[in-house]
Amino acid sequence: MPRLPALFRACCVALAMTGATLTHAAVLDEAQAQWAAGKREQAIQTAEAGLKTTPDDPRLRFALGTMLLETQQLERARVVFTRLTEDFPDLADPYNNLAVIHAARGEYEAARQALTRALDLQPDHAQAQENMGDVLMRLAQQSYERALKQALGDDTALKVKLQRVTAFNNAKGAQQR
């Protein structure tokens, strides 16, 4: 008969853990519903409050980072995504979003490095692939600009390349606004 209390305690612990998981999911659902309803600041506050009780929840942390990114709170988002890459180094999405922040700041080499890591982890990550293409185009523009400053001979072909990549990057930037 002594096994029954131990079994009962085990069941209670399992139920409590299930309840905690549901509560965490409910916080995430609530924050996402607030976000969808246009209550962005409230959604961020809900996510932050949820993280006070479950600071290691990667989905809630990622959602918070994404909300901060979307509201242009880049430094706060950078901190969230950096910590996610440290705590969960096998997840590709935080690296991708960290790269978006680096690119928005003009830190294209750092963005390339973050995207390389994201694609090492998940080669079929379509958004990371697209972002890598955009970052490489920005890096190409910077390289052509540096080369043009140092050109000694006929730089006609270089000017054409720079003109094309600059036009592409400007058009891409206009699409994102």
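It should be noted that the structure appears before, not after, this text.
Residues numbered from 1 in each chain as written. Predicted model: local features only at pLDDT ≥ 70, side-chain atom pairs only at ≥ 80, totals over all residues. Heavy atoms only, no water.

Here we look at the side chain of T85
Along the chain, T85 turns up in helix α4 (residues 74-87). Taking relative accessible area as the criterion, T85 reaches 9% and is therefore assigned buried. From its side chain, T85 meets the backbone oxygen of T82 in a polar contact 2.6 Å long. Those residues in contact with T85, other than ones at most four positions away along the chain, are P94, Y95 and L98. (Helix = DSSP H or I, 4+ residues; strand = E, 2+ residues; numbered from the N terminus. Buried < 20%, exposed > 50% of the residue type's maximum accessible area, 1.4 Å probe, protein only. Polar contact = N/O pair within 3.5 Å; in protein donor to acceptor, adjacent residues only side chain to side chain. Contact = heavy atoms within 4.5 Å.)

Notes on the nonpolar core
One finds L64, M67 and F81 to be the most contacted residues of the largest nonpolar core, which totals 21 residues. Elements with a contribution of two residues or more to this core: α1 (3-36), α2 (40-53), α3 (58-70), α4 and α5 (92-104). Looking at which element gives the most residues to this core, the answer is α3, with six residues. Non-local contacts of M67, meaning those with residues more than four positions away in its chain, are made with A31, Q32, W35, A43 and I44. Membership of the second largest hydrophobic core comes to 13 residues, among which are A111, L119, A128 and M132. (Core = buried A, V, L, I, M, F, W, Y, C linked by side-chain atoms within 4.5 Å.)

Some details on α5
Across its 13 residues, α5 extends 19 Å between first and last C-alpha, which sits within 8% of the 18 Å expected from 1.5 Å per residue. In this fold, the buried residues of α5 make contact with α3, α4, α6 (108-121) and α7 (126-150). A positive backbone phi angle near 80° is found at G106, which sits one or two residues after α5. (Expected span 1.5 Å × (residues − 1).)

What to know about α7
When the terminal C-alpha atoms of α7 are compared, their 36 Å separation across 25 residues agrees well with the 36 Å that a helix rising 1.5 Å per residue should span. Inspection of α7 places A128, N131, M132, D134, V135, L139 and Q141 among the buried residues, and these make up the whole buried set.

So, the packing of α3 against α5
The N-to-C vectors of α3 and α5 enclose an angle of 15°; their axes lie 11 Å apart at closest approach. With respect to α5, the axis of α3 lies roughly parallel. Note that α3 runs across α5; the crossing there is left-handed. For the pair α3 and α5, contact is made by F62, T66 and L69 and by D93, P94, N97, V100 and I101, respectively. Partitioning the contact of α3 with α5 into residue classes produces five nonpolar, two polar and one charged. (Axes fitted to C-alpha atoms, helices over the stretch in contact; angles between N-to-C directions. Parallel < 35°, antiparallel > 145°, perpendicular 65-115°, else oblique. Left-handed = near helix turned anticlockwise from the far one by under 90°. Nonpolar A, V, L, I, M, F, W, Y, C, P; charged D, E, K, R; others polar.)

Section: the packing of α3 against α4
One way to put it is that α3 packs onto α4 with a least axis distance of 8 Å and a crossing angle of 155°. In terms of axis orientation, α3 runs roughly antiparallel to α4. Note that α3 runs across α4; the crossing there is left-handed. In this structure, α3 contributes P58, R61, F62, L64, G65, T66, L68 and L69 to the contact, and α4 contributes L74, R76, A77, V80, F81, R83, L84 and D87. A class-by-class count of the residues in the contact of α3 with α4 yields ten nonpolar, two polar and four charged.

The values reported here are purely geometric and, on their own, carry no functional implication.
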